[in-house]
Amino acid sequence: MHSITIHLRKSKTSVFVKKFREIVSTHFTEMDVEVCEKCNISFQLMNRVLPTNGPVIEGIDPPYQIDDVVNISCTSGPSKPTAHMKWFINDMEFPPTSESRYPAIRHPNGLQTTRIDLEFKIDHSHFYRGEIKIVCMSSIPQVYSSTSEELVIGDRGSSINPYHVSHSAPGQKGPVIEGNLPWYHVGDLVNLTCSSAKSPIPVHIRWFVNDMEAKSEHLIKYPTIRYSDGTEVSSLGLRMKVEHYHFKSDELRIKCTTTLYRMLTMRAEKTLFRYNQQNSGFHTAENRCAGTKYIPCNKNCIS
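Residues numbered from 1 in each chain as written. Predicted model: local features only at pLDDT ≥ 70, side-chain atom pairs only at ≥ 80, totals over all residues. Heavy atoms only, no water.

- As recorded by an unreviewed UniProt entry, the protein chain carries the name DUF1758 domain-containing protein and is attributed to Trichonephila inaurata madagascariensis.

This is the structure we're talking about:
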């Protein structure tokens, strides 16, 4: 935990950090403390370290012939959190059966390196315009912002209707919880839907029940709604029965949190060219690129 002194923006019911920027993230935080102009806050810093180098492909051993086996590996640059790795051939993702994944290697400085292997036999179906393009892609999520809405339900003897509490920075649109009933008793079915605000960035939704993440069997996934302006709305349902233990603290708190991610993508590329029409051998060329995108980088990568 780290303690800092920071100027805050006032709100009638809450105090918001005006803006907190990590290495690559913009983060809004809400705290239930007394309104003040200057407060001493203790919180846990989310340490994110981006790789200084892109992934590296090793094991290419040209020339190759038809029916030869390609057995190569790809290693990410050290980072935190761990990079997610994928293999592509001619812009199509390889099936997982062709891949071998290894546990991340943790370095003394806390950073981690990921390795993924690929093995396949060359055949004519792998060619596109006389070449085979093999790409190793590494992706690291970067939290852009996180907002939530909470539904608070009183205990069994309470006469207070369920009410909503928004945990969003001023001016920031958060998720919306719909479907709650005016009253809930033990044995009743909770059937709620949480929908994100419109966003051009993919949104990840999570449900929490009394600050514990909801069980997967209680979640209902709905299709993402995409609009012509490039934005989208994501929705996730929660369906569960109210139990006695939900009211241990005199109230049941159900929270929906939406998190927006940007993806840093880096790639290494090897191309096997057919260099002689009378000979099925191939030589290689290499290319690397990196970019910050919402989808795997391809044509728009920065060399």
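1. Quick word on the pattern of salt bridges
Part 1 of the reasoning: Applying the stated rule across the entire model yields nine salt bridges.
Part 2 of the reasoning: When the shortest N-O distance is used, the salt bridge between Glu251 and Arg253 registers 2.5 Å.
Part 3 of the reasoning: Since its relative accessible area comes to 25%, Arg253 is described here as partly exposed.
Part 4 of the reasoning: When salt bridges with common partners are traced through the structure, they connect Glu150, Glu251 and Arg253 into a single cluster. (Salt bridge = Lys/Arg side-chain N within 4 Å of Asp/Glu carboxyl O. Buried < 20%, exposed > 50% of the residue type's maximum accessible area, 1.4 Å probe, protein only.)

2. Notes on the state of the cysteines
Part 1 of the reasoning: Taken as a whole and judged by the stated rule, the model has two disulfides.
Part 2 of the reasoning: Between the sulfur of Cys74 and that of Cys136 lies a disulfide, 1.9 Å long from S to S. Because the torsion about its S-S bond is -90°, the bridge between Cys74 and Cys136 counts as left-handed. Linking Cys74 in strand S8 (residues 69-75) with Cys136 in strand S15 (residues 131-154), this pair joins segments that are 62 residues apart in sequence.
Part 3 of the reasoning: Under the relative-accessibility criterion, Cys136 is labelled buried at 0%.
Part 4 of the reasoning: At a sulfur-sulfur separation of 1.8 Å, the disulfide partner of Cys194 is Cys256. An S-S torsion of about -75° defines the bridge between Cys194 and Cys256 as left-handed. Placement of Cys194 in strand S18 (residues 189-195) and of Cys256 in strand S25 (residues 251-276) is noted, with a sequence separation of 62 residues between them. (Disulfide = S-S within 2.5 Å. Helix = DSSP H or I, 4+ residues; strand = E, 2+ residues; numbered from the N terminus.)

3. Looking at unusual backbone geometry
Part 1 of the reasoning: With an omega dihedral of 5°, the bond running from Lys80 to Pro81 counts as a cis peptide bond.
Part 2 of the reasoning: Despite not being glycine, Asp67 shows a phi value in the positive range, around 80°.
Part 3 of the reasoning: Relative to the helices and strands, Asp67 is located in the loop between strand S7 (56-58) and S8.

4. A closer look at the confidence of the model for the protein chain
Part 1 of the reasoning: With 69% of its residues at a pLDDT of 70 or more, the protein chain has an overall mean of 75.
Part 2 of the reasoning: With pLDDT under 50 throughout, residues 1-46 is counted as low confidence; its partners more than four residues away or in other chains account for 87 contacts.
Part 3 of the reasoning: When the criterion is pLDDT under 50, residues 290-303 qualifies, and its contacts beyond four places in sequence or with other chains add up to 32 contacts. (pLDDT = per-residue confidence, 0-100. Contact = heavy atoms within 4.5 Å.)

5. With respect to the packing of aromatic side chains
Part 1 of the reasoning: The tally for this structure, following the rule as stated, stands at one aromatic pair.
Part 2 of the reasoning: Judged by centre distance (5.2 Å) and plane angle (45°), the rings of Phe94 and Phe120 are tilted. Highlighted residues: Phe94 in the loop between strand S10 (92-93) and strand S11 (99-101) and Phe120 in strand S14 (residues 115-121), separated in sequence by 26 residues.
Part 3 of the reasoning: You can call Phe94 buried: its relative accessible area is 6%.
Part 4 of the reasoning: For Phe120, a relative accessible area of 7% translates into the label buried.
Part 5 of the reasoning: Its end group placed over the ring of Tyr102, Arg115 keeps NZ or CZ at 4.5 Å from the ring centre.
Part 6 of the reasoning: Over the ring of Phe208 we find Lys255, and its NZ or CZ is 5.8 Å from the ring centre. (Phe/Tyr/Trp six-rings, centres within 6.5 Å; stacked < 30°, edge-to-face > 60°. Lys NZ or Arg CZ within 6 Å of the ring centre and 35° of its normal.)

6. Topic: the environment of Ser148
Part 1 of the reasoning: Locating Ser148 in the fold gives a position in strand S15.
Part 2 of the reasoning: Considering only alpha carbons, one finds Ser148 and Cys256, 108 residues apart in sequence, at a separation of 5.4 Å.

7. Things to note about the sheet that holds S8
Part 1 of the reasoning: The sheet built from four strands is open, its strands ordered S7-S8-S14-S11 with antiparallel pairing. On the outer flanks of this sheet lie S7 and S11, each paired with one strand and no other. On average, each strand axis in the sheet is tilted by 20° relative to the strand beside it, whichever way the strands run.
Part 2 of the reasoning: As judged from the three bridges shared by S7 and S8, these two strands associate in the antiparallel manner. Each residue of the ladder has a partner; that of Val56, found in S8, is Thr75. (Pairing = 2+ DSSP bridges. Axes fitted to C-alpha atoms, helices over the stretch in contact; angles between N-to-C directions.)

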